[in-house]
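The residues making up each chain are set out below.
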Amino acid sequence: MGGSFTKTGGLLPELSSTSLIKISIIGLENSGKSSLLSKFIDNTHRKAVQSVLVSQGVYADMVNYKGWDIFVGNLLYPNYIRKAFKPYLLLSDIIIFIVDSSDYQQISSAKEQIDILLGENCINSTVFLVLANKQDIKRITTPQLENYLELSRLNCPYNIMPVSVLKETNLDETIKWILKQLDGHIQLRNNNNNNNTNSNNNQNNNNNTS
Ligand SMILES: Nc1nc2c(ncn2[C@@H]2O[C@H](COP(=O)(O)OP(=O)(O)OP(=O)(O)O)[C@@H](O)[C@H]2O)c(=O)[nH]1
Ligand SMILES: [Mg+2]
C-alpha cells in the first residue's frame, strides 16, 4: 500500500471500490464507542447509522462508510458476545475493543469480556486493537492495562494504543496502525482520486490553452 492518505471528512480514508473492510467496534457502556464512530465517519454518514436488531433484545449500530463496513456493539451484558455478536466478530477484519481507562470497574469487566472473546474463538484469526480511551482522565497507564488484560496470550496481530477520542489524541496513529495491519487487503481510493485529479487538471489545462 504505502503512501499517505487524505481525510474525507471522517478520519477513515476512503477505500477503493473493490475493497470492503469489516471493522467491529465493541466495548462496555460509556467506553466511547459512539464517540469513536462519529470521529471515524463524516457528517452525512453519521445520519445514516442504523440501529439493527441482531438478536432478541440486542441492537447494534451499523453503517457502510466509503468501503468500511462498520459494526458497533455494546457489551452491556456478558452474554452479548455469544448471544448476538459472535457472527459479526468472526467476519471482522479488525476488532477494536475500546476501554474507559478512567473506570476501574470497567477495566475489570473488560478482562472478563476478553476471556469470553477468546473462549468463543472470536479473535484468533483477526486483528485485535485495544484502545485505552479517556487518556485525558486516565487512572491506569496503558502498559498496566495491557498487563491486566493479559493481551500477550492473544495469537493474532494485536496492539494497545492510548487515545482520547474526545480530544482526538492519537486517532491518526490508530488509523495508520489499522491500515498497516490490513496492508495487502485494501487499496485506498485516493490513489485513484489523485490520478483522476491529475487527468482533470490536465484536461482543464488543455481546455484553458485551447
Ligand atoms: N474525558 C473523556 N470523555 C470521553 C472520551 N471519549 C468519550 N468520552 C465521553 O464518554 C461518554 C460516553 O461516550 P460514548 O461515545 O457515548 O460511549 P459509548 O461507548 O457509545 O456509550 P454507550 O452507547 O452508552 O454504551 C460521553 O460523555 C463522551 O463524551 C475521552 O477520550 N475523554
Ligand atoms: Mg453509544
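Residues numbered from 1 in each chain as written. Chains lettered and ligands numbered in written order. Predicted model: local features only at pLDDT ≥ 70, side-chain atom pairs only at ≥ 80, totals over all residues. Heavy atoms only, no water.

> Hey, could you go over the pairing of strand 2 (residues 50–55) for me, with residue numbers and the actual values?
Two strands pair when backbone bridges link them, and strand 2 and strand 3 (residues 58–65) are joined in this way by 5 bridges, in the antiparallel orientation. Looking at the pairing, Ser55 lines up with Val58 of strand 3. Joining the antiparallel neighbours strand 2 and strand 3 is a turn of 2 residues, in which Gly57 adopts a positive phi near 75 degrees. (Pairing = 2+ DSSP bridges. Helix = DSSP H or I, 4+ residues; strand = E, 2+ residues; numbered from the N terminus.)

> Could you give me a rundown of the UniProt feature "binding site: GTP" (unreviewed entry) in the protein, with the residues and numbers involved?
In this structure's numbering, the residues bearing the UniProt feature "binding site: GTP" (unreviewed entry) are Gly27, Leu28, Glu29, Asn30, Ser31, Gly32, Lys33, Ser34, Asn133, Lys134, Gln135 and Asp136. With respect to the secondary-structure elements, Gly27 resides in strand 1 (residues 21–27). We classify Gly27 as buried; its relative accessible area is 0%. Examined against the element boundaries, Ser34 turns out to sit in helix 1 (residues 33–40). Owing to a relative accessible area of 52%, Ser34 belongs among the exposed residues under this scheme. (UniProt positions renumbered as here; feature names shortened; annotations may be inferred. Buried < 20%, exposed > 50% of the residue type's maximum accessible area, 1.4 Å probe, protein only.)

> Summarise the sheet that holds strand 1; cite the residues concerned and give the values.
Pairing between sheet strands relies on hydrogen bonds along the backbone, with the strands arranged either parallel or antiparallel. Read from one edge of the open sheet, 7 strands run 2-3-4-1-5-6-7, paired in mixed fashion. Two strands in the sheet have a free side with no partner beyond their single neighbour: strand 2 and strand 7 (158–162). Going from strand to strand, the sheet's axes swing by 25 degrees on average, the running direction of each strand aside. Sheet analysis places strand 1 next to strand 5 (residues 94–100), joined by 5 bridges and oriented parallel. Across the sheet, the residue bridging to Ile26 is Phe97, located in strand 5. Contacts between helix 6 (residues 171–181) and the sheet are confined to strand 1, strand 4 (68–74), strand 5, strand 6 (127–133) and strand 7, with strand 6 contributing the most and set at about 175 degrees to the helix. (Axes fitted to C-alpha atoms, helices over the stretch in contact; angles between N-to-C directions. Contact = heavy atoms within 4.5 Å.)

> Account for the pattern of salt bridges, with residues named and values stated.
Inspection of every chain in the model, using the stated rule, returns 9 salt bridges. The salt bridge partner of Lys86 is Glu120, with a shortest N-O separation of 3.2 Å. One end of the pair, Lys86, is in helix 3 (residues 80–90); the other, Glu120, is in the loop between helix 4 (104–119) and strand 6, and 34 residues separate them in sequence. On the basis of relative accessibility, which here comes to 24%, the residue Lys86 falls in the partly exposed class. Glu150 is paired through a salt bridge with Lys111; the nearest N and O atoms lie 3.7 Å apart. In this pair, Glu150 is assigned in the loop between helix 5 (142–149) and strand 7 and Lys111 in helix 4, connecting sequence segments 39 residues apart. Look at Glu150 and you get partly exposed, because its relative accessible area is 39%. Given the relative accessible area of 17%, Lys111 is considered buried. By sharing partners, the salt bridges in this structure join Lys111, Asp115, Glu150 and Arg153 into a single network. (Salt bridge = Lys/Arg side-chain N within 4 Å of Asp/Glu carboxyl O.)

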